[in-house]
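# Understanding the architecture of this molecule
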Amino acid sequence: MSSPDLPLIVEISIRTLGVCFSALAVALLIGVPLGIWLGSRRFRGRRLVISVVNSGMGAPPVVVGLAVALLLWRNQPLGFLGLMYTVPGMMIAQTLIALPLVVGITLAAVGALGESWDLQVRTLGVPRAWRLALLVREIRLGLLAAVIAALGAILSEVGAVMMVGGNIAGETRVLTTAIMMYTQMGDLGTAMGLSAVLIGLMLLLSGLLTVVQQGER
Amino acid sequence: MDRAPVLRARDLRVERPSRSGGFELVVDSLDLFGGEAIAILGANGSGKTTLLMALAGLMDLRSGTSSSSQGSGQVTMVFQHALAFAGTVEHNLRVGLLGRGLDRSDEDARVESALEGLGIVHLRSRSAKRLSGGELRRLALARAMVLRPTVLLLDEPFDDLDPSGQELLSRDLLRLVKDTGIALALVTHDLRRAALVASRLAVLGGGRLLQVGKVVEVLSHPVDRDVAALVGMINILPGVIVRGEGRVAVEIEGGGRLQVATDLPQGSAVSVGFRPERLKLEPEQGALASSIGEAHVVGLTTDSILTRVTLEWMGRELFTHLLYGRGRQLAIGDRVALSIQSRDLHLMGIPKKVSPSI
């Protein structure tokens, strides 16, 4: 068993965190307002939209990756953007994996407040913008749960980033694709080192978020 | 009433869609006055909460108006299941002041006044999510009072409170109305509490306002059998007016006569109602002018205050209430003499056109 290449592990870890946090940020920016809107509005077709979101929460990442790849490949609708086998392309795939989780958990948190929540705040005469701020404060534990779930999903995901990123050394290689590759190459030392880093990152991030979440109770 | 109402509702039509076909609330006219409490009574599903929400401006009106004389923002409602926002009790009280542009000192004064007024100063730093049901009710009231409303609408304020909590809240509400001069409207199923706190009653049935009036007036003169049943006038007997020898009576279907005072002509079909506490058990038959004959005791239920007695009189069931001690002397099967004053009998269901004679 060969010894792990430390600089390589650091480089891959930094790229992994960059891709994951960028994707998470975009997913939160889109998903939280969408989840609040879906959770608090009643409209025709709402159930269908929620069913789609719920299905998306369990969608296999490799299928999401395939769908993104089908759009980004040359000669495909978004091929002109040149995002295939790039970090931004991987971010798009991971955003799509995280988005249903953020939307689904946010709308569940809003739903848990009960139908009368908005009425009770309205009867206190709270202006609309303040109502929204109050709502976010009320569902913050749910939002933290969404962050934990989304981060866990995209940090450990391998299928979509492999398909869209291509595991190119120094460019699109991330922890999960690197672990897979080094294992196949028989370099179990590097693979195990990368795995330890991945598990350590996951434990650290979810641990931190859990501490914050529990402290809020 | 000469005073101008602080909330005036006219020709309200509110629709609440539901899977079972929807519900429509229709209120032609309802006024709320400052320094006065009105209790809204009604069976489940009669539209009580919908009415409060419409008055609070929380529902889209199909037609009509509900307007406060002091402008918008002066009507607030406390829901049956009040919310506890995340944070302390004090934070909860400040929620309603968000975005109002008040000075910090003004905010502090309002919060202090509400905390003291509802007796929850000691809970100021407690997490609102950890309050008991009674404490949460007080928090919700204090949160509303911070707004200095002119109209306060309460949905089932006594629900889930133990008897001492209900007593305390009743006194607080009476004091609140007296001290602040607000108009209070409370929805409740508890007739006793309603009569204790409110000076007027509004009775709802099937989405319609059936009767509005002073408590005594509604309790003793309900407009129809539905209202009578809701306000505890549980003795209702159908009959016809009979006249003779200078007296007027209702001849009850199945037998028995009750002397009444009315101008209705002979043969008028009526229902005669009387409250159970007005029906008296007498030591001996026929001793009084108000005697109506004998009855058998067929049922006795006793709580800590009253014994509820079911009687069989002329083949019909009548009900009376006795204070706990007196009720204990009775047993099922006892024969008792009954009496009731003419003034305690209330005629209902009088048709607009009556036949001149039968």
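In this text, all values refer to a predicted model and were calculated from it rather than measured experimentally. (Residues numbered from 1 in each chain as written. Chains lettered and ligands numbered in written order. Predicted model: local features only at pLDDT ≥ 70, side-chain atom pairs only at ≥ 80, totals over all residues.)

Turning our eyes to something else, we now look at the overall build of chain B. Across its full length, chain B holds nine helices and 19 strands. Once the C-alpha set of chain B is aligned to its principal axes, its extents read approximately 75 × 45 × 45 Å. Long-range contacts, defined here as pairs at least 24 residues apart, represent 67% of the contacts in chain B between residues at least 6 apart. (Helix = DSSP H or I, 4+ residues; strand = E, 2+ residues; numbered from the N terminus. Contact = placed C-beta atoms within 7 Å.)

A few words on the environment of Thr177 of chain A. All names here are of chain A. Mapped onto the secondary structure, Thr177 falls in helix H9 (residues 175-185). Along the backbone, Thr177 and Gly166 are eleven residues apart, and their C-alpha atoms lie at a distance of 8.6 Å. If we skip the residues at most four places from it in the chain, Thr177 touches Val158, Val161, Met162, Gly165 and Asn167.

Residue and element names in this part refer to chain B. The residue Val14 is located in strand S1 (residues 7-16) in this model. Taking the C-alpha atoms as reference points, Val14 and Arg104, separated by 90 residues in sequence, lie 39 Å from one another. In contact with Val14, not counting residues within four places along its chain, are Leu25, Thr50, Ala54, Met59, Leu61 and Arg62.

On to the sheet that holds strand S15 (residues 291-302) of chain B, then. All names here are of chain B. Ordered by their spatial adjacency, five strands build an open sheet running S14-S18-S15-S16-S17, and the pairing between neighbours is antiparallel. For this open sheet the edge positions go to strand S14 (280-282) and strand S17 (316-323), each flanked by a neighbour on one side alone. Within this sheet the neighbouring strands show an average axis-to-axis angle of 50 degrees, counted without direction. (Pairing = 2+ DSSP bridges. Axes fitted to C-alpha atoms, helices over the stretch in contact; angles between N-to-C directions.)

So, about the sheet that holds strand S11 (residues 247-252) of chain B. All names here are of chain B. The strand order S12-S11-S10-S13-S19 describes an open sheet built from five strands, whose pairing is antiparallel. Looking along the sheet, the strands with just one partner apiece sit at the ends: strand S12 (257-259) and strand S19 (346-348). Recorded for the sheet is a direction-independent mean angle of 45 degrees between the axes of neighbouring strands. Bridging between strand S10 (residues 235-244) and S11 involves six bridges; their strand directions are antiparallel.

This paragraph deals with helix H3 (residues 104-117) of chain B. Residue and element names in this part refer to chain B. Here H3 spans 20 Å end to end across 14 residues, near enough to the 20 Å set by a 1.5 Å rise per residue. Residues of H3 that are buried include every one of Arg110, Val111, Ala114 and Leu115, and no others. Projected down its long axis, H3 shows its buried positions confined to an angular sector of 130 degrees, all on one face. Set apart from the buried face of H3 by more than 90 degrees, the exposed residues are Ser105, Asp106, Ala109 and Glu116. Contacts from the buried residues of H3 go to helix H2 (89-95) and helix H4 (133-145). (Expected span 1.5 Å × (residues − 1). Buried ≥ 20, exposed ≤ 12 C-beta atoms within 10 Å, placed from the backbone. Arc of directions from axis to C-beta.)

Quick look at unusual backbone geometry now. With a phi close to 70 degrees, Asn75 of chain A is a non-glycine residue in the positive phi region. Assignment of secondary structure puts Asn75 of chain A in the loop between helix H3 (61-72) and helix H4 (87-112). C-beta crowding within 10 Å serves as the criterion here: with 6 such atoms nearby, Asn75 of chain A is assigned to the exposed category. Phi angles above zero are rare outside glycine, and Glu156 of chain B is one such case at about 50 degrees. Locating Glu156 of chain B in the fold gives a position in the loop between strand S6 (151-155) and helix H5 (163-180). In this structure Glu156 of chain B comes out as buried when scored by C-beta crowding, with 20 C-beta atoms within 10 Å.

Moving on, we come to the confidence of the model for chain A. When the pLDDT values of chain A are averaged, the result is 92; 97% of them are 70 or greater. Mean pLDDT across the elements of chain A bottoms out in helix H10 (residues 188-216) of chain A (88) and peaks in H4 of chain A (96). (pLDDT = per-residue confidence, 0-100.)

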